[in-house]
Amino acid sequence: MTQNINLKEIEKKAYRDSQQDGLMEVMMGLILMTFGGFFYSPVFAFYILLIVFAGRIVEFIRRRYTHPRIGFVKFHKDDSKDALTGVFLFEVAVIVIMFTLISLFGNVKDYSQWVDWAPLFFGMILVGPFAHAQSRSGNVRYTGYAILSVILGLFFSLAEFASGSTGLILYLVLMGGFLFSSGIFIFAMFLRKYPLATTGGA
């Protein structure tokens, strides 16, 4: 029993260490901000490329800046599949909850109501990835992200705007901007905490 507990703690620490560079926050923030920009102008359609190549971009940067400083750990793929399944089921539950709420208090056929509540929908959707990251790492910052996501989503869903999509755009840009800024700060602190060793010649 103690061995299992210790193994879980070791896995959490390994995952927590792998995420201490803040690059996932940077990438998620960029995706959210460009996605929000897409509702304002089609020029931001390249957010799709960010989604498709996010993993490769992060891995490329980590090979250059993160791995030389702290090394890397290859995690078990089966665990990742189980985790992704859990996140997917959570997202489905969010969709069902939103559908039920709009059915009870509005009209599911009214497109404008879906638009009005879109910020809360996205706010709740993001809880899934944050909860997954918190569960794997034990880092409380992901809990903070999840709480902020729901609060901002609720606020921009209840606020009234001249354009229906304004609330969603503001939510995506502000939440994305916060994650991006947080990630940049965490990355800067990471580089400062783990400077590359310099080899001096005699």
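All figures in this text were calculated on a predicted structure; none of them were measured in a lab.

1. A few points about the overall build of the protein chain
Part 1 of the argument: Regarding its fold elements, the protein chain presents 9 helices and 0 strands.
Part 2 of the argument: Ordering the α and β elements of the protein chain from the N terminus gives α-α-α-α-α-α-α-α-α.
Part 3 of the argument: C-alpha atoms of the protein chain, sized along the principal axes, occupy 75 × 45 × 25 Å.
Part 4 of the argument: Here the protein chain, with 202 residues, has 34% of them falling under the buried criterion.
Part 5 of the argument: The long-range share in the protein chain, meaning contacts at least 24 apart out of those at least 6 apart in sequence, stands at 76%.
Part 6 of the argument: Counting only carbon and sulfur atoms, one obtains 68% of the accessible surface of the protein chain, whose full area is about 12,800 Å².
Part 7 of the argument: Separation of charge centres in the protein chain, based on 17 positive and 13 negative side chains, amounts to 10 Å.

2. Here we look at the environment of Gly183
Part 1 of the argument: Considering the arrangement of structural elements, one finds Gly183 in helix H9 (residues 166-193).
Part 2 of the argument: Measuring from C-alpha to C-alpha, the distance between Gly183 and Arg63 comes to 17 Å, with 120 residues separating the pair along the chain.
Part 3 of the argument: With residues near it in sequence (within four places) discarded, Gly183 still touches Asp21, Gly22, Glu25 and Val26.

3. Looking at the nonpolar core
Part 1 of the argument: Among the nonpolar cores identified, the biggest contains 20 residues, and Phe130, Tyr171 and Met175 are the most heavily contacted of them.
Part 2 of the argument: Where this core is concerned, the elements lending two or more residues are helix H2 (23-38), helix H7 (127-137), helix H8 (141-158) and H9.
Part 3 of the argument: The element contributing the most residues to this core is H9, with 6 residues.
Part 4 of the argument: Every residue in contact with Tyr171, bar those within four places of it in the chain, is listed here: Pro119, Phe122, Gly123, Leu126, Ser149, Leu152, Gly153, Phe156 and Gly176.

4. Some details on the packing of aromatic side chains
Pairs of aromatic rings are described using the distance from one ring centre to the other and the angle between the two planes.
Part 1 of the argument: Following the criterion strictly, the structure yields 10 aromatic pairs and no others.
Part 2 of the argument: For the ring pair Phe35 and Phe122, a centre distance of 5.7 Å and an interplane angle of 65 degrees mean the geometry is edge-to-face. With Phe35 in helix H2 and Phe122 in helix H6 (residues 118-125), this residue pair connects regions lying 87 residues apart in the sequence.
Part 3 of the argument: Its relative accessible area of 16% is what places Phe35 among the buried residues.

5. A word on a nonpolar patch on the surface
Part 1 of the argument: A surface patch of nonpolar side chains, about 620 Å² in accessible area, is lined by Phe46, Ile48, Leu49, Ile51, Val52, Phe53 and Ile57.
Part 2 of the argument: Tracing the backbone through its elements, the reader meets Ile48 in helix H3 (residues 47-70).

6. A few points about the pattern of salt bridges
Once the charged atoms of two side chains with opposite charge are near each other, the side chains can pair.
Part 1 of the argument: For the structure shown, the criterion picks out 3 salt bridges.
Part 2 of the argument: For Arg62, the salt bridge goes to Asp21, with nearest N and O atoms at 2.8 Å. Placement of the pair is Arg62 in helix H3 and Asp21 in the loop between helix H1 (2-18) and H2, with a sequence separation of 41 residues. When sorted by exposure, Arg62 lands in the same class as Asp21, which is buried.

7. Description of the packing of H8 against H9
Part 1 of the argument: Packing of H8 against H9 leaves a shortest axis separation of 9 Å and a crossing angle of 160 degrees. The pairing of H8 with H9 is recorded here as roughly antiparallel in orientation. Note that H8 runs across H9; the crossing there is right-handed. Counted together, Arg141, Tyr145, Leu148, Ser149, Leu152, Gly153 and Phe156 of H8 and Gly167, Leu170, Tyr171, Leu174, Met175, Phe178, Leu179, Ser182 and Ile186 of H9 form the full contact between these two elements.

8. A few points about H2
Part 1 of the argument: With 16 residues, H2 extends 23 Å between its outermost C-alpha atoms, agreeing within 8% with the 22 Å of an ideal straight helix rising 1.5 Å per residue.
Part 2 of the argument: When we look at burial in H2, the residues that qualify are Leu23, Glu25, Val26, Met27, Gly29, Ile31, Leu32, Thr34, Phe35, Gly36 and Gly37.
Part 3 of the argument: Buried residues in H2 make contact with H3, H6, H8 and H9.

9. Thoughts on the packing of H2 against H3
Part 1 of the argument: For the pair H2 and H3, the least separation of the axes is 10 Å and the interaxial angle reads 155 degrees. As far as their axial angle goes, H3 and H2 are roughly antiparallel. Considering only the axes of H2 and H3, their crossing is right-handed. Contacts from Leu23, Met24, Met27, Leu30, Ile31, Thr34, Phe35 and Phe38 in H2 reach Tyr47, Leu50, Ile51, Ala54, Ile57, Val58, Ile61, Arg62 and Thr66 in H3.
Part 2 of the argument: For the contact of H2 with H3, the per-class residue count stands at 14 nonpolar, 2 polar and 1 charged.

Definitions and cut-offs
- Residues numbered from 1 in each chain as written.
- Predicted model: local features only at pLDDT ≥ 70, side-chain atom pairs only at ≥ 80, totals over all residues.
- Heavy atoms only, no water.
- Helix = DSSP H or I, 4+ residues; strand = E, 2+ residues; numbered from the N terminus.
- Buried < 20%, exposed > 50% of the residue type's maximum accessible area, 1.4 Å probe, protein only.
- Contact = heavy atoms within 4.5 Å.
- Areas by Shrake-Rupley, 256 points an atom, 1.4 Å probe, with all protein chains shown as cover.
- Lys, Arg positive; Asp, Glu negative; His and termini not counted.
- Charge placed at Lys NZ, Arg CZ, Asp CG, Glu CD.
- Core = buried A, V, L, I, M, F, W, Y, C linked by side-chain atoms within 4.5 Å.
- Phe/Tyr/Trp six-rings, centres within 6.5 Å; stacked < 30°, edge-to-face > 60°.
- Patch = residues over 30% accessible without salt bridge, like charges linked within 9 Å, V, L, I, M, F, W, Y side chains within 5 Å.
- Salt bridge = Lys/Arg side-chain N within 4 Å of Asp/Glu carboxyl O.
- Axes fitted to C-alpha atoms, helices over the stretch in contact; angles between N-to-C directions.
- Parallel < 35°, antiparallel > 145°, perpendicular 65-115°, else oblique.
- Left-handed = near helix turned anticlockwise from the far one by under 90°.
- Expected span 1.5 Å × (residues − 1).
- Nonpolar A, V, L, I, M, F, W, Y, C, P; charged D, E, K, R; others polar.

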